[in-house]
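Commentary on secondary and tertiary structure
So the chains spell out like this:
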Amino acid sequence: MSTDIEALARANVRALTPYMSARRLGGNGDVWLNANEYPLPVPFTLSQQTLNRYPECQPGEVIERYAAYAGVMPEQVLVSRGADEGIELLMRAFCEPGKDAILFCPPTYGMYSVSAETIGIEYRTVAALPDWQLNLPAIAEQLDGVKVVYMCSPNNPTGNLIKQEDIRTLLAMTAGKALVVADEAYIEFCPQATLAGWLQEFPHLVILRTLSKAFALAGLRCGFTLANKPVIDLLMKVIAPYPLATPVADVAAQALSDDGIALMRQHVAELNDNRAWLMAQLPQLAVTEQVFPSETNYILVRFTHSATIFKSLWDQGIILRDQNKNPGLAGCLRISIGTRTECERLIAALQALCVE
Ligand SMILES: *Cc1c(COP(=O)(O)O)cnc(C)c1O
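Not measured: the values here are computed from a predicted model.

The rules behind the values
- Residues numbered from 1 in each chain as written.
- Predicted model: local features only at pLDDT ≥ 70, side-chain atom pairs only at ≥ 80, totals over all residues.
- Heavy atoms only, no water.
- Helix = DSSP H or I, 4+ residues; strand = E, 2+ residues; numbered from the N terminus.
- Rg over C-alpha atoms; globule rule 2.2 N^0.38 Å.
- Contact = heavy atoms within 4.5 Å.
- Areas by Shrake-Rupley, 256 points an atom, 1.4 Å probe, with all protein chains shown as cover.
- Lys, Arg positive; Asp, Glu negative; His and termini not counted.
- Charge placed at Lys NZ, Arg CZ, Asp CG, Glu CD.
- Near = heavy atom within 4 Å.
- Polar contact = N/O pair within 3.5 Å; in protein donor to acceptor, adjacent residues only side chain to side chain.
- Nonpolar A, V, L, I, M, F, W, Y, C, P; charged D, E, K, R; others polar.
- Salt bridge = Lys/Arg side-chain N within 4 Å of Asp/Glu carboxyl O.
- Buried < 20%, exposed > 50% of the residue type's maximum accessible area, 1.4 Å probe, protein only.
- Pairing = 2+ DSSP bridges.
- Right-handed = clockwise from strand over helix to strand, strands pointing away.
- Axes fitted to C-alpha atoms, helices over the stretch in contact; angles between N-to-C directions.
- Arc of directions from axis to C-beta.

**Side note on the overall build of the protein chain**
- The helix and strand tally for the protein chain stands at 13 helices and 13 strands.
- A globule of 356 residues ought to have a C-alpha radius of gyration of about 21 Å, and the protein chain, at 21 Å, matches this closely.
- Its C-alpha atoms give the protein chain principal-axis dimensions of roughly 60 × 55 × 50 Å.
- Relative to all contacts within the protein chain whose residues are 6 or more apart in sequence, the contacts with residues 24 or more apart total 72%.
- Just so you have it, the protein chain exposes about 16200 Å², and 54% of that area is on carbon and sulfur atoms.
- Computing the positive centroid from 28 side-chain charges and the negative centroid from 37, the protein chain places the two 4 Å apart.

**Regarding the site of the ligand**
- Residues in contact with the ligand amount to 13 residues; listed here are only the nearest, Ala83, Tyr186, Thr210, Ser212 and Lys213.
- In this structure, an oxygen atom belonging to the ligand sits 2.7 Å away from a side-chain N or O atom of Arg221.
- Expressed as a share of its isolated accessible area of 380 Å², the protein-covered part of the ligand is 94%.
- The greatest single-element share of the shell around the ligand, amounting to 3 residues, is contributed by helix α5 (residues 82-94).
- Of the residues in the shell around the ligand, the class split is 5 nonpolar, 4 polar and 4 charged.

**With respect to the pattern of salt bridges**
- Applying the stated rule across the entire model yields 10 salt bridges.
- With a closest N to O distance of 3.3 Å, Arg345 and Asp30 form a salt bridge. Of this pair, Arg345 sits in helix α13 (residues 340-355) while Asp30 is found in the loop between α3 (22-25) and β1 (31-32), placing the two residues 315 residues apart along the sequence.
- Lys229 is the salt-bridge partner of Asp233, the closest N and O atoms lying 3.0 Å from each other. With Asp233 and Lys229 both in helix α9 (residues 229-238), this residue pair falls 4 residues apart, about one helical turn.
- By sharing partners, the salt bridges in this structure join Lys99, Asp100 and Lys147 into a single network.

**Let's talk about unusual backbone geometry**
- At the junction of Ser153 and Pro154, the peptide bond is cis and its omega measures out at 0° in the coordinates.
- Relative to the assigned elements, Pro154 resides in the loop between β5 (146-152) and α8 (164-174).
- Phi at Ala216 is positive, roughly 65°, even though this residue is not glycine.
- Exposure remark for Ala216: the relative accessible area of 15% places this residue in the buried category.
- You will see that Arg221, though not glycine, has its phi angle at about 65°, which is positive.
- By secondary structure assignment, the location of Arg221 is in the loop between β7 (205-210) and β8 (223-226).
- Classification of Arg221 by relative accessible area gives partly exposed; the value is 33%.

**Considering the pairing of strand β4 (residues 122-125)**
- Here strand β3 (residues 101-104) pairs with β4 via 4 bridges, running parallel. From the neighbouring strand, Ile102 faces β4, where its bridge partner is Tyr123.
- For the handedness criterion, the β-α-β arrangement of β3, helix α6 (residues 111-119) and β4 is classed as right-handed.

**Side note on the sheet that holds β8**
- If you walk across this open sheet you meet the 7 strands as β2-β8-β7-β6-β5-β3-β4, and the pairing is mixed. Two strands in the sheet have a free side with no partner beyond their single neighbour: β2 (77-80) and β4. Ignoring strand direction, the axes of neighbouring strands in this sheet form an average angle of 25°.
- Here α6 sits on the sheet in contact with β3, β4, β5 and β6 (179-183), set at roughly 170° to β3.

**Thoughts on the environment of Thr308**
- Here Thr308 lies in helix α12 (residues 306-315).
- Put simply, Thr308 and Asn326 are 18 residues apart on the chain and 18 Å apart in space, counted from C-alpha to C-alpha.

**Quick word on the sheet that holds strand β9 (residues 288-291)**
- Strand order across the open sheet formed by 4 strands is β9-β10-β13-β12, with antiparallel pairing between neighbours. Of all strands in the sheet, those bounded by a partner on one side alone are β9 and β12 (321-322).
- Judged from the 5 bridges that link them, strand β10 (residues 298-303) and strand β13 (residues 332-336) form a sheet pairing that is antiparallel. Bridged to Leu300 within β13 is Arg334.

**Things to note about α8**
- Asp166, Ile167, Leu170, Leu171, Met173 and Thr174 are the residues of α8 that are buried. One side of α8 holds all its buried residues, which, seen down the axis, span an arc of 165°. Those residues of α8 that are exposed and angled more than 90 degrees off the buried face are Glu165 and Ala172.
- The elements touched by buried residues of α8 are α7 (136-142), β5, β6 and β7.
- Once α8 ends, the next one or two residues include Gly176, with phi positive near 80°.

Encoded structure:
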């Protein structure tokens with residue numbers, strides 16, 4: 001029976017390997033350092049008692065507050081069910097299945113390929129250089145038929161920023177042909193690096209943002225696409241009629257109030273402190289081979305015997321993200337920055353592994 005149903009499905013969906021989110025991978029932990037979440041809940045109360053009504057498609061207060069926060073015009077902001085929905089809306093609006101392609105540079109975020117496969121769009125990859133910057137000559141050779149280039153800066157999972165002069169070159173080589181999408185999911189940890197100020201200069205630049213990371217609201221599912229009005233208008237054609245539930249818009253507006261933004265900045269300062277502490281501790285461990293610099297709330301580390309370390313920590317309830325299968329990342333684990341107590345537990349557990 002089930003095989004008959006399987007045969008009815010689209011071929012690309014039958015072939016699809018779904019995104020293995022940290023949640024799907026499971027684990028029985030009490031120290032969750034695998035999804036780049038903020039480690040503690042933020043308290044919000046719901047103020048809207050209008051659940052009998054459909055929500056606004058693009059809640060005005062959320063749009064206005066995000067625009068003010070990001071330093072752009074409200075007409076340059078689209079709000080969606082996480083940045084992940086933004087990734088997919090761009091493909092649905094700009095890429096013809098079976099004809100157009102997207103391009104990205106591994107190792108990077110996993111959803112670009114998953115969305116492309118789901119929709120049936122070809123994806124091309126151009127491996128990042130050994131220092132994880134863009135391989136611009138190789139990208140130039142692959143651009144034929146590409147409509148959207150996804151570029152994550154700071155990059156997940158490597159933690160580095162992409163050089164701004166390289167992004168300018170990429171924007172020059174794609175002008176009039178393709179969109180360049182800068183995924184700024186972690187930009188609050190290095191706010192000076194945002195490309196938001198470039199929107200007036202580049203009609204084909206798009207920026208993705210989220211409340212899931214620095215704003216501590218991964219469970220809310222709320223993200224933003226920043227772009228010039230012609231791009232936003234096209235995305236508005238393909239977005240669902242009610243993409244944001246009323247409670248989501250309610251909490252998002254509070255998170256983007258002056259107090260909400262101040263709280264976020266305080267959290268970022270704490271996490272940056274904890275990251276500096278971890279950065280000082282990790283190189284002292286015998287199991288550590290290489291600690292990569294990070295502009296984000298996670299650190300990529302290459303360990304000796306990373307599989308053993310991953311499993312041993314997992315069994316102790318400390319859950320990291322294994323990056324072994326990502327191109328160029330053999331032996332690497334990604335560690336989200338938790339509370340100071342969580343960072344200390346991690347280091348203590350790693351120290352214990354060193355003496356075994
Ligand atoms: C977490 C993450 C996202 C997804 O954000 P959501 O708003 O939770 O969908 C997008 N891009 C990158 C690089 C991420 O790490």
